[in-house]
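Read off the chains here:
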Amino acid sequence: MPTLVYVEDHKGEPVNGSLGVLSKAAKLGDDVAAVLCGSGVEGLAEHVGKYGAARVLVADDPALEAPLPQPRVDVLAKLVKSEGFDTVLFGASVLTADVAAGLAARLDAGLNWDLIDLEEQDGKLVGKRPALQDSVLLDVGWKSEPRLALIRSGTFEPVESGGAAEVTKVPVEVEDWSKQAVMLERAHEESEGPSIEDAEVIVAGGRGLGKPENFSLVEGLAKALGGAVAATRAVVDAGWYPYASQVGQTGKTVAPKLYIACGISGAIQHKVGMQGSGTIVAINKDPNAPIFEYSDLGVVGDVHEIVPKLTELVKAKRGG
Amino acid sequence: MKEVPDASAPKRMDPHTFRLDRSVPGALNDFDTHALEEALRIGEQEGDGEVVALLMGPPKAADSLRKALAVGADRAVHVADDALVGSDLIATSRTLAKAIERESPDLVVFGQQAADSDGAVLWAAVADRLRLPIISQAASLELADGKAKVKRQTEYGYDVIEAPLPCVVAVSDAINEPRYPSLKGIMGAKKKPQDSVTTADLGLGSEEVGETGSRTEVYAVGEPPPRGESRRIEDNGDAAEAILEYLAEKKLI
Ligand SMILES: Cc1cc2nc3c(=O)[nH]c(=O)nc-3n(C[C@H](O)[C@H](O)[C@H](O)COP(=O)(O)OP(=O)(O)OC[C@H]3O[C@@H](n4cnc5c(N)ncnc54)[C@H](O)[C@@H]3O)c2cc1C
Ligand SMILES: Nc1ncnc2c1ncn2[C@@H]1O[C@H](COP(=O)(O)O)[C@@H](O)[C@H]1O
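In this report, the structure presented in the accompanying data block is examined. Throughout, a residue's number is its position along its own chain's written sequence, starting from 1. Chains carry letters and ligands carry numbers; both start at the beginning, A for chains and 1 for ligands, and go up in the order they are written. Only residues with pLDDT of at least 70 get local features here, since the model is predicted, and only at 80 or more are side-chain atom pairs given and counted; chain-wide, interface and lining totals rely on the full set of residues. The side-chain values count all of the structure's non-hydrogen atoms but skip hydrogen atoms and water molecules.

1. Points about the site of ligand 2
All names here are of chain B.
1) Next: In the region of ligand 2, 19 residues are neighbours, and Asp32, Met56, Gly111, Ala114 and Ala120 sit closest.
2) Next: Polar contacts, as counted here, are pairs of nitrogen or oxygen atoms within 3.5 Å of one another; within protein the pair requires one atom able to donate a hydrogen and one able to accept it, and residues that are adjacent in sequence qualify only if both atoms are side-chain atoms. Within the backbone of Met56, a nitrogen or oxygen atom sits 2.8 Å from a nitrogen atom of ligand 2.
3) Next: In this structure, Ala120 approaches ligand 2 through a main-chain N or O atom, which is 2.8 Å from an oxygen atom.
4) Next: With residues, only the protein chains shown are counted as cover, and all accessible areas are computed by Shrake-Rupley using a 1.4 Å probe. Coverage of ligand 2 by the protein chains reaches 94% of its 490 Å² of free accessible surface.
5) Next: Mapped onto the shell around ligand 2, the elements with two or more residues apiece are strand E3 (52–56) and helix H4 (122–130).
6) Next: The greatest single-element share of the shell around ligand 2, amounting to three residues, is contributed by E3.
7) Next: The class makeup of the residues in the shell around ligand 2 is eleven nonpolar, six polar and two charged. For this purpose, a residue is taken to be near a molecule or strand whenever a single non-hydrogen atom of the residue falls within 4 Å of it. Starting at the N terminus, helices and strands are each numbered in turn, a helix being any DSSP run of H or I of at least four residues and a strand any DSSP run of E of at least two. All residues other than Ala, Val, Leu, Ile, Met, Phe, Trp, Tyr, Cys, Pro, Asp, Glu, Lys and Arg, Gly among them, are scored as polar; the first ten of these are nonpolar and the last four charged.

Here it is, written out as structure tokens:
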């Protein structure tokens, strides 16, 4: 099972999600190669080699400078064909989701996404995919090779297994249409705001708050509880709250003792950032909101009514 | 745009086919109303922009397309064919790419994800087949000088990406506030052109789509790892008290 693991990099380091997938692949088989795609990434190869790869392939070219998917599809498509990889694995991210799906189309290959485990059953590769808001767990597979998979972020921890990988440079040829999207500004970090990762209590607000000013409700409750404020991507993208406070796949991963979700639907991409919380309380007016599937206490009601009252009650209790 | 099971409908996997049971009431995928809104906004800005709503799905999904027409789309194309049942990413992207090619649009807008599959990947497969640039997760979209400029969030902050038209853009659900259909819109929807297209019309053989054209499969449907007990209350004016009691009981306060 010659397997290729795509290793994403950021600021001169391989990202943990990719290394975790690499470690997992190495546990499943010996014939594992990692591929780095970027500009000036050759120096990362040795480090990547410590996570179980027999080989590290390096596509190092200025055309791969910006983290855009299409040039990477061009590189990987050639590589998978010339080296005969039958499995290609990605740790899911904004970048790799688009790389994997583009590659699937290019190679006419099956792609399974959001996997939380991979195992071999009777010589067959089987992926575990939670579906329908994680209410069922599917065993999924591939009808042909190559088999492509996106692993849910945060699923596998990187494990250093030592050893040195053979490092090889691979050719980079990029199609015309793949060069058309250009990065004008990159990873502009809007990191203003308090750190939420160490908070024991988090009160999070979503679009159900109705308008940016209503974040004061969430702030009031957080203050009364001595906790921090978090937000969903929907309200961060809309400019209601700073990116530094965002919880989820493209935001922070938090695990406070108490997480109170106010007006948050509970999308999978939000869940992956807070499911490790000790106790989850959700207030949402829609009884069908997915967040209720994984909250310890689900409250069907209006945040505008409940949150101010709760804040007063908490103040009274903690004050007295 | 996709039709997905209505949020209030019980969702389940068919125990025999391992496919999502689509016999329950359907609704237009909420995430796609943001894609439509963005297309309408751009159409209005350009003055003469025509907006076409494209949906692949069973015959009953025509209701969702009619909603798109009521909201403001000028025309609808419904790719419906029994042969399409069971299509995965590969088969779906093949079909949609053919349907999009027939329209040769200046801009293709996707939603953020299908609420029933949570893939959030289809656009990249379609763009590769069309050999068009793709920008995903757009939190804002501007068209000027024949180019699309997008601001989008990644794990590291915000990127600004530009691509010449024609291109494919997948929008975040925060990009806009979708409008609702007016009564006039609802009445007028019936008069707008709504084409039904088969795989043969798209030049696709039945083996290229549906289950035979797919490259992935589902072997089994199982239970997720169990969660601890979970309590549910409805607010009758005393929810705040109930939450406080719960927090006290759990020694969280
Ligand atoms: C690649 C990718 C990465 C992503 N990364 C993240 C991430 O890091 N973090 C993240 O959060 N999301 C992320 N998302 C987006 C995610 O899919 C959802 O779109 C987002 O989490 C929705 O935010 P929300 O719950 O605030 O808004 P909505 O989904 O609009 O939910 C609002 C909720 O508020 C409820 N409500 C409305 N009014 C009231 C009221 N008066 N009282 C009580 N409840 C009310 C509604 O019933 C609804 O359930 C990502 C998506 C993708 C595709
Ligand atoms: N059957 C379909 N017909 C038309 N568009 C679709 C269909 N399925 C998905 N889409 C589009 O692709 C986006 C992403 O879908 P997915 O990758 O399946 O989560 C959706 O938001 C829609 O814009």
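Now, onward.
2. Some words on the site of ligand 1
1) Next: Around ligand 1 sit 30 residues, and of these Thr232(A), Val247(A), Ser265(A), Asn284(A) and Asp173(B) come closest.
2) Next: What surrounds ligand 1 is not a single chain but chains A and B.
3) Next: Contacts to ligand 1 include Val247(A), whose backbone N or O atom sits 2.7 Å from a nitrogen atom.
4) Next: When ligand 1 sits alone it has 990 Å² of accessible area, and the protein chains cover 90% of it.
5) Next: Breaking the shell around ligand 1 down by element, the ones donating at least two residues are helix H6 (233–237), helix H7 (268–271) and helix H8 (303–319) of chain A.
6) Next: For the shell around ligand 1, the residue count by class is six nonpolar, 18 polar and six charged.

3. Overview of the sheet that holds strand E13 (residues 182–188) of chain A
1) Next: DSSP calls a pair of strands paired once it identifies at least 2 bridges connecting them. The six strands are arranged E13(A)-E8(B)-E7(B)-E6(B)-E9(B)-E5(B) in an open sheet whose pairing can be described as mixed. The sheet terminates laterally at E13 of chain A together with strand E5 (107–110) of chain B, the two strands that pair on one side only. In this sheet, neighbouring strand axes are inclined to one another by 30° on average, regardless of whether the strands run parallel or antiparallel. An axis is simply a line fitted to the C-alpha atoms; with a helix, the fit covers only the stretch in contact. Between two such axes, the angle follows the N-to-C directions and lies from 0 to 180 degrees.

4. What about the sheet that holds E3(B)?
All names here are of chain B.
1) Next: Strand order in the open sheet formed by three strands is E3-E4-E10, and the pairing between neighbours is parallel. Each edge of the open sheet is held by one strand with a lone partner, namely E3 and strand E10 (194–197). On average, adjacent strands in this sheet sit at an angle of 15° to one another, irrespective of strand direction.
2) Next: As defined by bridge partners, strand E4 (residues 75–79) adjoins E10 across four bridges and the pair is classed as parallel. The residue of E10 that forms the bridge with Val79 is Val197.
3) Next: Contacts between residues were defined by any pair of non-hydrogen atoms, one from each residue, lying within 4.5 Å. Strands E3, E4 and E10 of the sheet are contacted by helix H2 (residues 62–71), whose axis makes an angle of about 165° with E4.
4) Next: Where helix H3 (residues 89–103) meets the sheet, its contacts fall on E3, E4 and E10, and the angle it forms with E3 comes to roughly 155°.

5. Considerations on the environment of Asp116(B)
1) Next: Within the element layout of this structure, Asp116(B) appears in the loop between E5 and H4.
2) Next: For the pair Asp116(B) and Val4(B), spaced 112 residues apart in sequence, the C-alpha separation works out to 6.0 Å.
3) Next: Setting aside anything within four residues of it in sequence, one finds Asp116(B) in contact with Leu132(A), Lys2(B), Glu3(B), Val4(B), Pro5(B), Leu20(B) and Arg22(B).
4) Next: In this structure the side chain of Asp116(B) is engaged in a polar contact, spanning 2.8 Å, whose partner is the side chain of Arg22(B).

6. A few points about the pairing of strand E6 (residues 87–91) of chain A
All names here are of chain A.
1) Next: Relative accessibility under 20% of the residue-type maximum defines a buried residue, over 50% an exposed one, and the middle range a partly exposed one, all with a 1.4 Å probe and only protein chains included. The element E6 is extensively covered by neighbouring structure, given that five of its five residues are classed as buried.
2) Next: Burial along E6 is two-sided: the residues Thr87, Leu89 and Gly91 and Val88 and Phe90 are all buried.
3) Next: Relative to E6, strand E1 (residues 3–7) is paired through four bridges, and the arrangement is parallel. Residue pairing across strands places Val5 opposite Leu89, the latter belonging to E6.
4) Next: In this sheet, strand E11 (residues 147–151) lies alongside E6 in parallel orientation, the contact comprising five bridges.

7. Here we look at the interface of chain B and chain A
1) Next: Taken together, the contact pairs 82 residues of chain B with 90 residues of chain A.
2) Next: A buried area of about 7500 Å², summed over both sides, lies between chain B and chain A, and 56% of it is on carbon and sulfur atoms.
3) Next: Note: buried area is the sum, over both parts, of the accessible area (probe 1.4 Å) each one loses when the two are combined. For chain B, the biggest contributors to the area lost against chain A are Tyr156(B), Tyr158(B) and Tyr219(B); these three give 10% of the whole.
4) Next: Salt bridge criterion: a side-chain nitrogen from Lys or Arg within 4 Å of a carboxyl oxygen from Asp or Glu. Put simply, chain B and chain A have three salt bridges between them.
5) Next: Between Arg207(A) and Asp173(B) there is a salt bridge, with the nearest N and O atoms lying 3.0 Å from each other.
6) Next: Counting across the chain B and chain A interface gives 39 residue pairs in polar contact (both at pLDDT 80 or more).
7) Next: When contributions to the side of chain B that touches chain A are tallied by element, the ones reaching two or more residues are H3, H4, strand E6 (134–144), strand E7 (147–154), strand E8 (157–164), strand E11 (216–222), strand E12 (231–234) and helix H6 (239–249) of chain B.

8. Digging into the packing of helix H3 (residues 69–83) of chain A against helix H4 (residues 94–107) of chain A
How two helices sit against one another is set out by the angle between their axes and by the gap between those axes.
All names here are of chain A.
1) Next: At their nearest, the axes of H3 and H4 sit 9 Å apart, and the two run at 50° to each other. Viewed along their axes, H3 and H4 adopt a mutual orientation that is oblique. Judged by the sense of rotation from one axis to the other, the crossing of H3 with H4 is right-handed. Where H3 abuts H4, its residues Pro69, Arg72, Val73, Asp74, Leu76, Ala77, Val80 and Lys81 lie against Leu95, Asp98, Val99, Gly102, Leu103, Arg106 and Leu107.
2) Next: Within the contact of H3 with H4, the residues separate by chemical class into nine nonpolar, one polar and five charged. Throughout this description, any angle smaller than 35 degrees is read as roughly parallel, any larger than 145 degrees as roughly antiparallel, any in the 65 to 115 degree range as roughly perpendicular, and the remainder as oblique. Crossing handedness is read from the near helix: turned anticlockwise from the far helix by less than a right angle, it gives a left-handed crossing, and turned clockwise, a right-handed one.

9. Concerning unusual backbone geometry
1) Next: Here the amide bond leading from Glu145(A) into Pro146(A) is cis, since omega sits at -5°, within 30 degrees of zero.
2) Next: Take Pro146(A): it is sitting in the loop between strand E10 (136–142) and E11.
3) Next: Across the junction of Leu165(B) and Pro166(B), the peptide omega takes the value -5°, indicating a cis bond.
4) Next: Here Pro166(B) shows up in the loop between E8 and strand E9 (167–171).
5) Next: Positioned with a positive phi, Lys11(A) is a non-glycine residue whose angle comes to about 50°.
6) Next: Turning to its location among the elements, Lys11(A) is positioned in the loop between strand E2 (9–10) and strand E3 (13–14).
7) Next: For Asp145(B), which is not a glycine, the phi torsion comes out positive at approximately 50°.

10. What to know about the nonpolar core
1) Next: Core analysis: the largest hydrophobic core is formed by 61 residues, its most contacted members being Leu4(A), Leu76(A), Phe90(A), Leu103(A) and Leu111(A).
2) Next: It is H4(A) that contributes the most residues to this core, nine residues altogether.
3) Next: Working definition of a nonpolar core: buried Ala, Val, Leu, Ile, Met, Phe, Trp, Tyr and Cys residues. They are joined through side-chain atoms within 4.5 Å. One finds Leu221(A), Trp240(A), Tyr158(B) and Ala239(B) within the second-largest nonpolar core, a separate group that totals 37 residues.

No statement about biological role is implied by the geometric values presented.
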